[in-house]
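# Structural overview
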Protein chains: 2
Amino acid sequence: MKDITLKEIATTLGISITTVSKALKNYPDVSLKTKNAVTELAQKLHYTPNSFAVNLRTKESKTIGLIIPEVLHHFFSNIINAIIDEAEKNGYLVIILQSNETLELEKKQVELLINKRVDGILISLSNESNYDEHLKEIVNRNIPLVMFDKISKLAKCSKVIIDDQKAAFNAVQHLIDKGCKKIAHIRGPENPQNAIDRYIGYKKALEKNNIAFDPKLVYTCEKVSFEEGHEFAKQILADHPDTDGIFVITDLVAVGVLSYFNEIGIKVPDQIAVIGFSNWFISQVFTPKLSTVDQPSNEMGISAFNLLLEEMNCHKEKTVFTPKTIELDTNIIVRESTMKL
Amino acid sequence: MKDITLKEIATTLGISITTVSKALKNYPDVSLKTKNAVTELAQKLHYTPNSFAVNLRTKESKTIGLIIPEVLHHFFSNIINAIIDEAEKNGYLVIILQSNETLELEKKQVELLINKRVDGILISLSNESNYDEHLKEIVNRNIPLVMFDKISKLAKCSKVIIDDQKAAFNAVQHLIDKGCKKIAHIRGPENPQNAIDRYIGYKKALEKNNIAFDPKLVYTCEKVSFEEGHEFAKQILADHPDTDGIFVITDLVAVGVLSYFNEIGIKVPDQIAVIGFSNWFISQVFTPKLSTVDQPSNEMGISAFNLLLEEMNCHKEKTVFTPKTIELDTNIIVRESTMKL
């Protein structure tokens, strides 16, 4: 594509570049005749203002970066959906990158976005990340940054979170209220904060109800997959056949558990009740329908973008911005998998 | 963030801008001592090359645009996944926009991407789009363009497709091979090419097997949703209780059908066999497991990006590029919902 410049339009019409520029911006001090001539020629030549050039002047790219662990994860698809819609409403475009849960890729992607001079960065951390150098670098460079869902508590930036401990506590309390006495937990990997917090919530609920915590009842996912759920369900039955409740880190894994129980004819919830986390679409349509913790993904995407927008605006106006943390509410959704009489 | 320029580094060290630039690019004619001094200061000052400035020189933004109908659609999540990974491997970033199946948004988004001077555009059309002006504009401006999955046959650009007619024909032939004699079709909306082609494939399979086509057995989705599947299943039973097979436009809708049949105790496949399209994840884990047409989403994303890359490279080298169409193979995946004896 040949780039048409203001200069070419000016030369062709025999007027100054300033006049062309003013005509295109509809300034009152340019005659209607000139405006028409300029607009007509600009259209004929497919002229578009060069937004990269504009960027050098305003120092804004009107583009933000979004790094998430996995596009294919139902929760993150929802978040992407909310963020790109909200960004577009506010005149921003979104570059999306996925870290595939690795620190190495995440570091590289942060560098790419910094080099691209995005106006701000939204990130949900990979399972391997903490408040590492690449994230400190964003803050040190004073680039607006918001972490959401998978965050580092140490990070000096805005955050949008849920109270994972409380949500997990409520999920396990729900199992106990339904009469469960021996509750296993299929947890997430060792490092990410949300997996740690959900595990703590599980322990606290047991403690509150005077049920002894048994570390042997805790199973740790590596990949957080459907297949792991299926496999752990088998192991739990073999290791502790009298288990009567399972609290699972996320719905995808919980559906793997239900799928194994369906195969071998274990009655859910009569023999074992199961509760997941995140309210994936699949949970509503699976047989039996899965009880879960509703994580407000849409609201989280919208809040994260708007917090970033607030910081980008402060940045533009050179006013001080103090990082904020927004905590969103969660609810237990009771479905067939815990609906004991 | 204060932008550090080569000039500031040059002034501070008392050397020329050219030397600073060469030092940062590790040119052999700069002494190691100078290189070290420059690198150290650049790091200290958080210097990053301004990629928007680079862009003005090379006329490349190393950014592409991707417009899809819906992020939350399982097939498109897979495509996004493949495209952003493939783009990143080749040094490109991806701006993602969703048209929400409307022509109006799609038009606006094409304009945004043109103004942003992306190096190329990948698009899967909304249900309302044909080869309209906004798409012709991309071609007229000589901006590399690849359409995938939902395309316009008239468009003068590269395309990555499957043979929807043949795939649908095979799906319906599979139902006939399993003994189905009265087959309903839940089709997609009137306009999109893939819905039209799947409908034609359905009719051709009936014709080939001397089964009379009955337009009353065709039900048309508006939203292509789980809920519509659920509702149409009810209607089909009421209108044509002797229906023994259903070919459904996509798995999400087919799972809605199965869910209704589960509720009222219709035996699948004994009473009615059901086959979907696209091989969503949910189809493998639903009870009964859904037979479907495997649509190679990963391969489609990779092919679409590489075709765009080929065109972008020709464009850069100012050589002629002739648009290509890549057709990918599909397969029938037989699962419980059609596994009659």
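This is a predicted model, so every value here is computed, not measured.

In this complex, chain B contributes 54 residues to the contact, which on the side of chain A involves 54 residues. With both sides pooled, the region where chain B packs onto chain A buries about 5300 Å², and carbon together with sulfur makes up 58% of that total. Taken together, the links from chain B to chain A amount to 2 salt bridges. A salt bridge links Lys108 of chain A to Glu88 of chain B; the nearest nitrogen and oxygen atoms lie 3.6 Å apart. Counting across the chain B and chain A interface gives 12 residue pairs in polar contact (both at pLDDT 80 or more). Among the secondary structure elements, those contributing two or more residues to the side of chain B that touches chain A are helix H4 (51-58), helix H5 (74-89), strand E2 (93-98), helix H6 (103-115), helix H7 (133-140), helix H11 (251-264) and helix H12 (281-285) of chain B. Sort the elements by how many residues they give to the side of chain B that touches chain A and H5 of chain B lands first, with 7 residues.

In this section: the sheet that holds strand E9 (residues 273-275) of chain A. Residue and element names in this part refer to chain A. Strands sit in the order E7-E6-E8-E9 across an open sheet of 4 strands; the sheet is parallel. Every interior strand has two partners, whereas the edge strands, strand E7 (218-220) and E9, have only one. Taking each pair of neighbouring strands and ignoring which way they run, the sheet shows an average axis angle of 15°. Taken together, the 3 bridges between strand E6 (residues 183-187) and E7 define a ladder with parallel strand orientation. Looking at E7, one finds that His185 is bridged to Val218. The sheet strands contacting helix H8 (residues 164-177) are E6, strand E8 (245-248) and E9, and the helix crosses E8 at an angle near 165°.

Looking now at the pattern of salt bridges. The final tally for this structure, using the stated rule, is 24 salt bridges over all chains. Residues Lys62 of chain A and Glu60 of chain A are paired through a salt bridge, measuring 3.8 Å at the closest nitrogen-oxygen approach. Across the salt bridge formed by Asp29 of chain B and Lys22 of chain B, the nearest N and O atoms sit 2.9 Å from each other. Residues participating in the shared-partner salt-bridge network are Glu60, Lys62 and Lys316 of chain A.

What follows covers the relation of the copies chain B and chain A. It takes a turn of 180° to lay chain B on chain A, together with a shift of 0.1 Å along the axis; the resulting RMSD is 0.3 Å. Both copies of the chain, as the preceding transformation shows, are related through a two-fold rotation axis. In terms of proximity to the rotation axis, the leading residue of chain B is Ile95 of chain B, whose C-alpha is 2.2 Å off the axis. Comparing interface residues between copies, 100% of those in chain B also sit at the interface in chain A, which points to an isologous, same-surface contact.

By convention here, two paired aromatic rings are described through the distance between centres and the angle between planes. All names here are of chain A. Scanning all chains against the criterion turns up 16 aromatic pairs over all chains. Ring geometry for Tyr202 and Phe213: centres 6.4 Å apart, planes at 75°, overall edge-to-face. Taken together, the residues span a long stretch of sequence, with Tyr202 in helix H9 (residues 193-208) and Phe213 in the loop between H9 and E7 at a distance of 11 residues. On the basis of relative accessibility, which here comes to 0%, the residue Tyr202 falls in the buried class. Ring geometry for Phe247 versus Phe277: centroids 6.5 Å apart, planes at 55°, classification tilted. With Phe247 in strand E8 and Phe277 in the loop between E9 and helix H12 (281-285), the pair connects residues that are 30 residues apart, well separated along the chain. You'll find Phe247 and Phe277 in the same group, each marked buried.

A few words on the domain arrangement of chain A. All names here are of chain A. With domains assigned, chain A is organised as domain 1 (6-49), domain 2 (61-161 + 297-329) and domain 3 (164-295 + 332-338). Its C-alpha centre places domain 2 at a distance of 30 Å from the equivalent point of domain 3. Taken together, the contact pairs 12 residues of domain 2 with 10 residues of domain 3. When domain 2 packs against domain 3, the two sides together hide about 1100 Å² of surface, and 44% of this comes from carbon and sulfur. Per-residue buried area on domain 2 facing domain 3 is highest for His74, Asn127 and Lys153; these three make up 44% of the total on that side.

Residues and elements named next belong to chain B. Counting buried positions along strand E6 (residues 183-187) gives 5 out of 5 residues, so the element sits mostly inside the fold. Side chains of E6 alternate between two faces, with Ile183, His185 and Arg187 and Ala184 and Ile186 buried alike. In this structure, E6 lies alongside strand E8 (residues 245-248), joined through 4 bridges in parallel fashion. Of the residues in E8, the one forming a bridge with His185 is Phe247. Taking the sense of rotation as the criterion, the β-α-β connection linking E6, helix H9 (residues 193-208) and strand E7 (residues 218-220) turns out right-handed.

Before going further, it helps to examine the sheet that holds E6 of chain B. All names here are of chain B. In spatial order, the strands read E7-E6-E8-E9; together these 4 strands make up an open sheet with parallel pairing. Each edge of the open sheet carries a strand with a single partner, namely E7 and strand E9 (273-275). Direction aside, the axes of adjacent strands within the sheet are offset by 15° on average. Sheet contacts for helix H10 (residues 226-239): E6, E7 and E8; angle to E7, the most-contacted strand, approximately 150°. Against the sheet, H11 touches E6, E8 and E9, its axis set at about 150° to E8.

Core analysis: the biggest nonpolar cluster contains 155 residues, and Phe148 and Phe261 of chain A together with Phe148 and Phe261 of chain B have the highest contact counts within it. For Phe148 of chain B, the residues in contact, after removing those within four places along its chain, are Leu66, Ile68, Phe76, Ile79, Ile83, Leu122, Ile123, Ser124, Val160, Met300 and Ala304 of chain B. In terms of nonpolar packing, the next biggest core, distinct from the first, is built from 42 residues, Ile123 of chain A together with Leu113, Met147 and Ile161 of chain B among them.

Moving on, we come to the packing of helix H1 (residues 6-13) of chain A against helix H2 (residues 17-24) of chain A. Residue and element names in this part refer to chain A. For the pair H1 and H2, interaxial distance at closest approach is 8 Å and the crossing angle is 110°. Here H1 is positioned roughly perpendicular relative to H2, judged by the angle of their axes. Packed against H1, whose contacting residues are Leu6, Lys7, Ile9 and Ala10, the element H2 presents Ile17, Val20, Ser21 and Leu24 at the interface. Its residues placed into classes, the contact of H1 with H2 shows 6 nonpolar, 1 polar and 1 charged.

What the rule picks out here adds up to 0 disulfides over all chains. Lacking any disulfide linkage, Cys157 of chain A is separated from the closest cysteine sulfur, that of Cys314 of chain A, by 15 Å. With no disulfide partner, Cys180 of chain B has as its closest neighbouring cysteine sulfur the one in Cys221 of chain B, 19 Å distant. Assessed through its relative accessible area of 2%, Cys180 of chain B is described here as buried.

With that out of the way, let us pick up the environment of Pro323 of chain B. Residues and elements named next belong to chain B. Checked against the element boundaries, Pro323 lands in the loop between helix H13 (297-316) and strand E11 (325-328). Overall, Pro323 belongs to the partly exposed group, its relative accessible area being 44%. For Pro323 and Ser158, which are 165 residues apart along the polypeptide, the C-alpha to C-alpha distance reads 4.5 Å. Once you skip the residues sitting within four places of it in the chain, Pro323 turns out to touch Lys156, Cys157 and Ser158.

A word on unusual backbone geometry. Along the chain, Thr287 of chain A connects to Pro288 of chain A via a cis peptide bond; the corresponding omega equals -5°. Residue position: Pro288 of chain A is located in the loop between H12 and strand E10 (292-294). Note the cis peptide between Val268 of chain B and Pro269 of chain B, where omega equals 5°. Tracing the chain through its elements places Pro269 of chain B in the loop between H11 and E9. Positive phi, close to 55°, is recorded for Asp149 of chain B, a residue that is not glycine. With respect to the helices and strands, the residue Asp149 of chain B is situated in the loop between strand E4 (145-148) and strand E5 (158-162).

The rules behind these values
Residues numbered from 1 in each chain as written. Chains lettered and ligands numbered in written order. Predicted model: local features only at pLDDT ≥ 70, side-chain atom pairs only at ≥ 80, totals over all residues. Heavy atoms only, no water. Contact = heavy atoms within 4.5 Å. Buried area = accessible area lost by both parts, 1.4 Å probe. Salt bridge = Lys/Arg side-chain N within 4 Å of Asp/Glu carboxyl O. Polar contact = N/O pair within 3.5 Å; in protein donor to acceptor, adjacent residues only side chain to side chain. Helix = DSSP H or I, 4+ residues; strand = E, 2+ residues; numbered from the N terminus. Pairing = 2+ DSSP bridges. Axes fitted to C-alpha atoms, helices over the stretch in contact; angles between N-to-C directions. Least-squares fit on C-alpha atoms with pLDDT ≥ 70 in both. Phe/Tyr/Trp six-rings, centres within 6.5 Å; stacked < 30°, edge-to-face > 60°. Buried < 20%, exposed > 50% of the residue type's maximum accessible area, 1.4 Å probe, protein only. Domains from an automatic or database assignment. Right-handed = clockwise from strand over helix to strand, strands pointing away. Core = buried A, V, L, I, M, F, W, Y, C linked by side-chain atoms within 4.5 Å. Parallel < 35°, antiparallel > 145°, perpendicular 65-115°, else oblique. Nonpolar A, V, L, I, M, F, W, Y, C, P; charged D, E, K, R; others polar. Disulfide = S-S within 2.5 Å.

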